[in-house]
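# Residue-level structure breakdown
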Amino acid sequence: MMFGLRRKSGQMPLNLASSPGFVAAVQLVPVLGGGRPRLQLAQVSSSTASIAERLDLAMRQTHLKHVPLRILLEPSEYQFLQAEFPNVPADELKTAIRWQVKDMLRLPLERVTLDVVPPVEQAQGMRRSQGFVVAAGNDLLLERMQQFRAYNAEVQVIDVPEMVQRNFADLVEEPGRGTAVLSISHNACLLTASREGVLYFTRAFDLSLVSLAASEVARREQFDRLVLELQRSIDVLDRQLSFLSVSTLWLTPFQHAGELLSLLIENLYLPVKLVVLADVFDCSGCSLPAQPDQQAAMFHALGLALR
């Protein structure tokens, strides 16, 4: 996933993820044999500039040239849709799905690029009827592909948070069990559930680190509503996607994660764990940012680096 895949390079990709007020840059060194991925570059910068300017800032501050790039879109820049997939051959699916989702798009069909997360095949070659479709404007994708030419850097991949959370879930998954991940960032609050590299469920909530900063009372009210909605979502996973057999809900780091973690442990029957990035990644050669909200800004960049 998702857009703009190009030729491979021998260099380690630089992964860039923007969010309101922040931009993160990450490089990981893959480790063979099941070891922890090794962090080589972990940079978070503050900026109130536009998304494109934040990404350019991150690129400048790495002082890297001729590096392959992976770029993460912000939620306002794409649509992640669930749709009934037509029963057509795999090579015809992307064309057929365009007409299936055209009335759901914010832009006219001719101005949009689509990519699909096709339904997985089940026993006897049967396929789940529903899958996911990602849509982004052609002009935006072209802008992202071209904006780093001054650095002689080529954009290889443009991805979305739903899929990079799936990447992280793969890293912490228990064999034979599904994994749920709840992230709260400056962009949004996102729940995903996946198993063996396949994304089955995603839900966004009307909450972000920006809204949580309003006041302690407002934060507790938002957490209470979130817990209620999570109970409903977990009930859906249990009833409609029971084959996932989700073992754990992982909560990603942010400033008030401990407060929310306590509420989740008290109110959910599903085990809940806090993501400790230093336990998941080898940080011996590069330190993580110390502030939890900076780690929140970096989380999806780390997931992008895991693809």
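For the structure, check the block above.
### Some details on the packing of aromatic side chains
Enumeration according to the criterion identifies four aromatic pairs in this entry. Residues Phe 168 and Phe 299 carry aromatic rings whose centres are separated by 5.1 Å and whose planes lie at 70° to one another, so their mutual orientation is edge-to-face. Here Phe 168 is found in helix α4 (residues 161-172), whereas its partner Phe 299 is found in helix α9 (residues 292-305), with 131 residues between them in sequence. A relative accessible area of 3% places Phe 299 in the buried class.

### A closer look at the layout of surface pockets
In this model, the largest pocket occupies a volume close to 260 Å³. If you trace the largest pocket, you find 20 residues lining it, with Pro 75, Tyr 78, Pro 161, Asn 187 and Ala 188 closest to the centre. Those elements giving two or more residues to the lining of the largest pocket turn out to be β1 (14-19), β5 (79-84), α4, β10 (189-195) and α9. Here the lining of the largest pocket is built from residues that sort into 12 nonpolar, seven polar and one charged.

### Some details on the pattern of salt bridges
If the charged atoms of two oppositely charged side chains come close together, the side chains can form a pair. With the rule as written, the count across this model stands at 13 salt bridges. With a closest N to O distance of 2.8 Å, Arg 307 and Asp 159 form a salt bridge. Here the residue Arg 307 occupies a position in the segment after α9, and Asp 159 occupies one in strand β8 (residues 155-159), the gap between them amounting to 148 residues. Looking at Arg 307, the relative accessible area reads 35%, which means it is partly exposed.

### Describing the sheet that holds β10
Read from one edge to the other, the open sheet built from five strands follows the order β11-β10-β9-β12-β13, with strand pairing classed as mixed. Each having just a single partner strand, β11 (198-205) and β13 (272-274) make up the two edges of the open sheet. When the angles between neighbouring strand axes are averaged without regard to direction, this sheet yields 20°. Note that strand β9 (residues 178-184) and β10 share six bridges and pair antiparallel. Looking at the pairing, Thr 179 lines up with Ser 194 of β10. Its contacts with the sheet place helix α7 (residues 257-267) against β9, β12 (246-251) and β13, and it is angled at close to 165° to β13.

Quick notes on the rules
- Residues numbered from 1 in each chain as written.
- Predicted model: local features only at pLDDT ≥ 70, side-chain atom pairs only at ≥ 80, totals over all residues.
- Heavy atoms only, no water.
- Phe/Tyr/Trp six-rings, centres within 6.5 Å; stacked < 30°, edge-to-face > 60°.
- Helix = DSSP H or I, 4+ residues; strand = E, 2+ residues; numbered from the N terminus.
- Buried < 20%, exposed > 50% of the residue type's maximum accessible area, 1.4 Å probe, protein only.
- 1 Å grid on protein atoms, 1.4 Å probe; cavity = no way out; pocket = protein on both sides within 12 Å on 5 of 7 lines; lining within 4 Å.
- Points joined across faces, edges and corners; volume = space filled by probe spheres on them.
- Nonpolar A, V, L, I, M, F, W, Y, C, P; charged D, E, K, R; others polar.
- Salt bridge = Lys/Arg side-chain N within 4 Å of Asp/Glu carboxyl O.
- Pairing = 2+ DSSP bridges.
- Axes fitted to C-alpha atoms, helices over the stretch in contact; angles between N-to-C directions.
- Contact = heavy atoms within 4.5 Å.

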